[in-house]
Structures are given as C-alpha cells and as structure tokens.
Amino acid sequence: MVKICCIGAGYVGGPTMAVIALKCPSIEVAVVDISAARIAAWNGDELPIYEPGLDEVVRQCRGRNLFFSADVERHVSEADIVFVSVNTPTKTRGLGAGKAADLTYWESAARMIADVSKSDKIVVEKSTVPVKTAEAIEKILTHNCNAVNFQVLSNPEFLAEGTAVQDLLRPDRVLIGGRETAAGRKAVDALKDVYARWVPADRIVTTNLWSAELTKLAANAFLAQRISSVNAISALCEATGADVSEVAAAVGMDGRIGPKFLTAGVGFGGSCFQKDILNLVYICERHGLHEPAAYWKQVIEVNDYQKRRFVTRVVSSMFNTVSGKKVAVLGFAFKKDTGDSRETPAIDVCKGLLADGAAVCVYDPQVTEDQIRQDLAAVGEPMRQVGVARDAYEAAGGAHAICILTEWDEFKALDYRRIFDGMQKPAFLFDGRNVVDGGELRRIGFIVYSIGKPLDPWLRGMPAVA
Ligand code: NAI
C-alpha cells in the first residue's frame, strides 16, 4: 500500500487530500499540521473550512483511508510520498519584504522531513513557491540526510476556493514537474499513477521542475490581470455611459479571449493573487527584468485603484461624508461560497468608510464575527464603529447605505422592498459585485451604483476617482 502524507491541513491540503483518499481507496492518506486546533476541527463535526461538497467527501473517507493528525513526524517518516502544502505568505521584513515569498514554513517542513526520514521519499511541492525553490529544497534534504534518496517534484494546485471539490474531481489539468533524470522520471510516474486513477491521461501534463513552478505564478498573474483589465474598463464605462457587462460579454465572445473571469467588481482578493504577483514581480526584479516587473505590478495597482474608487463613490455620493452614518456591508468573504477573508477587498472598503467616520455593520453568511473583528483590528480600525449582524435585514436596519461586497447568491433574493422601508432616506445601494437588478431597485426608490454601469442621475458629476 502506498502511503501519502500531506504537511499542512489548510484550504489546499485538506480538500486535495480528501479527494485523493476518495478516489484512491488503496492509498492511505494522512494530513498533518502543527496546529492541533485545526487538526481537531478536521476530526470534528464542523470542518475548519467551508467548501461546498467537502463535508460529504470527508465523511466518506475519514477513518477509512483518510486521517488527520498532529503527529507530524510519525506520518512523514512512514510516507512514500510527502506533499508539502504549508502557507507561503509575503515576507513582511528583511530582504524582499513586501514582495518575496516567505519560505520559513517550507524550510522548516523540509528540515523536518530530512530529520525524520529513514526510507526514500518523493517530496511534492503543493504550495505555490518561487521558481527555483526545488533546488533549495533539494539542498536542504540532501545536506541534512545522506542515507535517504529524495526526489523533489512540483505539483502546483489550481483549485479555486468555493469550487475546490469540483475542481479537484474534474481538473482542467494536473501539472507535474520533475528532474529530467531516470530517478526524476520514475518519481513523476509514481505521482502520475495516483492522479491517473480519476484524471484522464491527456489532462496530466508533465514538465521540467522550473516550468511547473513558474506556471502556477504565471496562471495566477494571468487570472488577476483579466480582473484588473475588466475593472480598468469599468472606470471608463462609468465615464462614458458604456455598460461593462455588455462590453465584457461581447469581448468574451471572441474565441481568442473567452468569457470567463471577465466580471467587473470591487477588486480581487484572496490569499493568492496579490502575494503570487508580488512574488513574480520580485523574481523579475532579481533577474534585472524591470519592465516585466513593472507590467505585473500594474495589475495590483489597478486593483488597489478599484477599491479606492469604490470608497470614493460611496462617500462622494452621500454628500461627501459618511461621518455618523450607518453603512451596511453585505459580504465580507473575498468571494462567494467560502468563509475565507484573507486579502478580501471588504477589509479595504471598511477601512476607507471607517476612516471617513461611518459606522459599518457587516453581515456575511460564512465569515465569523471573530474573524471580521480580527481582520479589521489588524488594519488598525477601532472596533467601536464596527457591528456584525446575523442577517442582511439586521445589517441594513436604519442604515443610510448598503455596500454589497461579496456575490453571495442570497443577496440576489433579498426582499429589497422590506430593506428599503427600514432604511434612512435617501437610501443608497452600492453594488460592488453587480449582483442586483439596478432598474428594479431604482423603482423601489434606491439610489443605485453598479460598477461599470451607466450612472444614476444622482451620481453624475460626482468625483469618482480616489
Ligand atoms: P493555509 O494557511 O490554509 O494552510 C497552511 C497550513 O500549513 C496551516 O494550517 C499551518 O498550520 C500549516 N503549517 C505551516 N507550517 C507547518 C509545518 N512546518 N508543519 C506542519 N504544518 C504546517 O494555506 P492554504 O490556503 O492551504 O495555502 C497553502 C499553499 O497553497 C500556499 O502556498 C498557497 O499559495 C497555495 N495555494 C492556495 C490556494 C487557495 O485557494 N488557498 C490555491 C492554490 C494554491
């Protein structure tokens, strides 16, 4: 029996290993983490992350061939294949601070693997890492442990939060990079055999190590670039009377462009896009490639601009101040169907509104009150102006304005007549995700702002740029 161990029981490690266990009953899969609390949650009734369909997969496999454990060293030492899926955040200090990936967790995992290994192992980079990381990992593994043979593979994960289970069950592609030696090819084949149990052969792509590592950074940069591109166009739509949804739909019908990832909004968030692009920028700079670095940096700058622009719209529309006004924030997660609020645009929007003196009241179906308060406290916001509501109606009660910041389906189906009746007048609705029907809401009486759509007469002529 092949034994797999995954270090890191997070948004990637948990779902990925659950699906491997589901599809490979003859493989024993152990997911380990230094956080005993996270492991306890994986072993409990309430999983530590919300992901549609995940409960069901975990329920089927847990205790059969899927195990969650805090006994990191034992499971690593027993495994044939060790996935490393630890966090790789942006460095906050020292060389490359604010851009480079912080590989502290990765390095400590690699040293531990070297320390406890008594048999040959395939070590798989599942985390997103800078190109050439495998070289450093190989050095750590071989310098610390001479008697054991290690093969390092790059197998970046392309799942999207909110659709992780479906993405894992039917991936567009699985990418495996390895050394171009006999031992390297053998390791690639061993990992390929695991995925081949449910992924069609033509969707399993093998490359050299550096291509696989760089592909993940490139893919995230391309995805984020599409969002910044359509968001840049949304600003021009508002200035000219064009409608960004119409423009994006027609642009996306071009077979060379395609329709996906062309929805304008308040900006991208999540733990990956910003950090991976910053990492790409840093790597370009380290290679003296200043123009490519500046090009990719601009994707982040447009994203920051879009968030600032939204806050300016809110404040300028409401007589140039939100001081003392209640603003209901509907949605805090960085996208729908996840409880993840890492780098969510909601943090920046709330920060901007609080800075102008608003009282914000947040409702999100999945992000906990503790998490919302922790996220806002982390950016220095005092809590006395922050409320957290149990539903959208409570959040909007007595409010001067609503800001929709996550595209949760339930926000499309709210009783906006009831909400309008309970709000201060004029009642404003700022739709940061273009989920509501602006025409219908205007008929109820709202003053509506939808990103990239023709402006309400009320909003015309008001400053729109931060
Ligand atoms: P996460 O923060 O949810 O999980 C990482 C886990 O690793 C944490 O539970 C932490 O306690 C654990 N950990 C850290 N150091 C450890 C060590 N030495 N030994 C044992 N456990 C350790 O992170 P997430 O979101 O799962 O991301 C992991 C990696 O996957 C990152 O590199 C990320 O860029 C990448 N990725 C993330 C995606 C996402 O949608 N979240 C998608 C694709 C890739």
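Predicted model only: the values in this text are computed from it and were never measured. (Residues numbered from 1 in each chain as written. Predicted model: local features only at pLDDT ≥ 70, side-chain atom pairs only at ≥ 80, totals over all residues.)

A. Molecular detail of the packing of helix α12 (residues 290–317) against helix α13 (residues 345–355). Contact geometry for α12 and α13: axes closest at 9 Å, N-to-C directions at 40°. Relative to α13, the element α12 is oriented oblique. Crossing geometry of α12 relative to α13 is assigned as right-handed. Here α12 contributes K307, F310, V311 and V314 to the contact with α13, which in turn contributes P345, D348, V349, G352 and L353. When grouped by side-chain class, the residues that make up the contact of α12 with α13 number six nonpolar, one polar and two charged. (Axes fitted to C-alpha atoms, helices over the stretch in contact; angles between N-to-C directions. Helix = DSSP H or I, 4+ residues; strand = E, 2+ residues; numbered from the N terminus. Parallel < 35°, antiparallel > 145°, perpendicular 65-115°, else oblique. Left-handed = near helix turned anticlockwise from the far one by under 90°. Contact = placed C-beta atoms within 7 Å. Nonpolar A, V, L, I, M, F, W, Y, C, P; charged D, E, K, R; others polar.)

B. Region of interest: the nonpolar core. Within the largest apolar cluster, 139 residues are counted, with the highest numbers of intra-cluster contacts made by I7, V82, V329, L330, V360 and C403. Looking at this core element by element, the count peaks at eight residues for helix α9 (residues 209–240). The residues that make up this core include at least three from each of domain 1 (3–199) and domain 2 (301–459). Excluding residues that lie within four positions of it along the chain, C403 makes contacts with V314, V327, V329, L330, V349, F430 and G432. (Core = buried A, V, L, I, M, F, W, Y, C linked by C-beta atoms within 7 Å. Buried ≥ 20, exposed ≤ 12 C-beta atoms within 10 Å, placed from the backbone. Domains from an automatic or database assignment.)

C. Broad picture of the pairing of strand β13 (residues 428–431). What you see with β13 is no split at all: F428 and F430 on one side and L429 and D431 on the other are buried throughout. By the bridge criterion, four bridges tie strand β12 (residues 401–404) to β13 in an arrangement that is parallel. Within β13, the residue paired with I404 across the bridge is D431. A crossover connection joins β12 to the parallel β13 through helix α16 (residues 416–421); in handedness this β-α-β unit is right-handed. As judged from the four bridges shared by β13 and strand β14 (residues 447–450), these two strands associate in the parallel manner. Along β14, the bridge assignment pairs F428 with I447. Regarding topology, helix α17 (residues 438–444) serves as the crossover connection from β13 to the parallel β14, and that connection is right-handed. (Pairing = 2+ DSSP bridges. Right-handed = clockwise from strand over helix to strand, strands pointing away.)

D. Region of the structure containing the UniProt feature "domain: UDP-glucose/GDP-mannose dehydrogenase C-terminal" (unreviewed entry) in the chain. The positions that UniProt labels "domain: UDP-glucose/GDP-mannose dehydrogenase C-terminal" (unreviewed entry) are, in the present scheme, residues 328–438. In this annotation, residues 328–438 is assigned 30% helix and 17% strand; the end-to-end C-alpha distance for the span is 18 Å. (UniProt positions renumbered as here; feature names shortened; annotations may be inferred.)

E. Spotlight on the environment of T88. Turning to its location among the elements, T88 is positioned in the loop between β4 (81–84) and α5 (104–116). Residues in contact with T88, not counting those within four places in the same chain, are A101, D102, L103, W106, S127, T128 and V129.

F. Broad picture of the site of the ligand. Around the ligand, the structure places 26 residues, and the nearest of them are G8, G10, Y11, Y105 and S127. Looking at the shell around the ligand, the element that brings in the most residues is α5, giving three residues. Partitioned by chemical class, the residues of the shell around the ligand number 11 nonpolar, 11 polar and four charged. (Near = placed C-beta within 6 Å.)

G. A look at helix α8 (residues 182–195). Under the 1.5 Å per step criterion, the end-to-end length of α8 is 20 Å for 14 residues, consistent within 8% with the ideal 20 Å. For α8, the set of buried residues is A187, V188, L191 and V194. Along the axis of α8, the buried residues cluster in a sector spanning 110°; they form a single face. The exposed set on the far side of α8, more than 90 degrees from its buried face, consists of A182 and K186. The elements touched by buried residues of α8 are α1 (13–23), β4, β5 (121–125), β6 (150–154), β7 (174–178) and β8 (204–208). (Expected span 1.5 Å × (residues − 1). Arc of directions from axis to C-beta.)

H. Representation of the confidence of the model for the chain. Averaged over all residues, the pLDDT of the chain is 96; the fraction at 70 or higher stands at 99%. Reported confidences for the modelled complex are a pTM of 0.96 and an ipTM of 0.99. (pLDDT = per-residue confidence, 0-100.)

I. Representation of the sheet that holds β13 within the structure. Here we have six strands laid out as an open sheet, ordered β11-β10-β9-β12-β13-β14, and parallel in their pairing. The sheet terminates laterally at β11 (386–388) and β14, the two strands that pair on one side only. Shown here is a sheet whose adjacent strand axes are inclined to one another by a mean of 20°, direction ignored. Of the strand pairs in this sheet, strand β9 (residues 326–330) and β12 are connected by four bridges, and their pairing is parallel.

J. Summary view of the domain arrangement of the chain. Entries for the chain in the domain assignment read domain 1 (3–199) and domain 2 (301–459). For domain 1 and domain 2, the distance between their C-alpha centroids amounts to 37 Å. Between domain 1 and domain 2, the residue contacts involve seven residues of the former and seven residues of the latter. Here the side of domain 1 that touches domain 2 is composed, by residue class, of four nonpolar, one polar and two charged.

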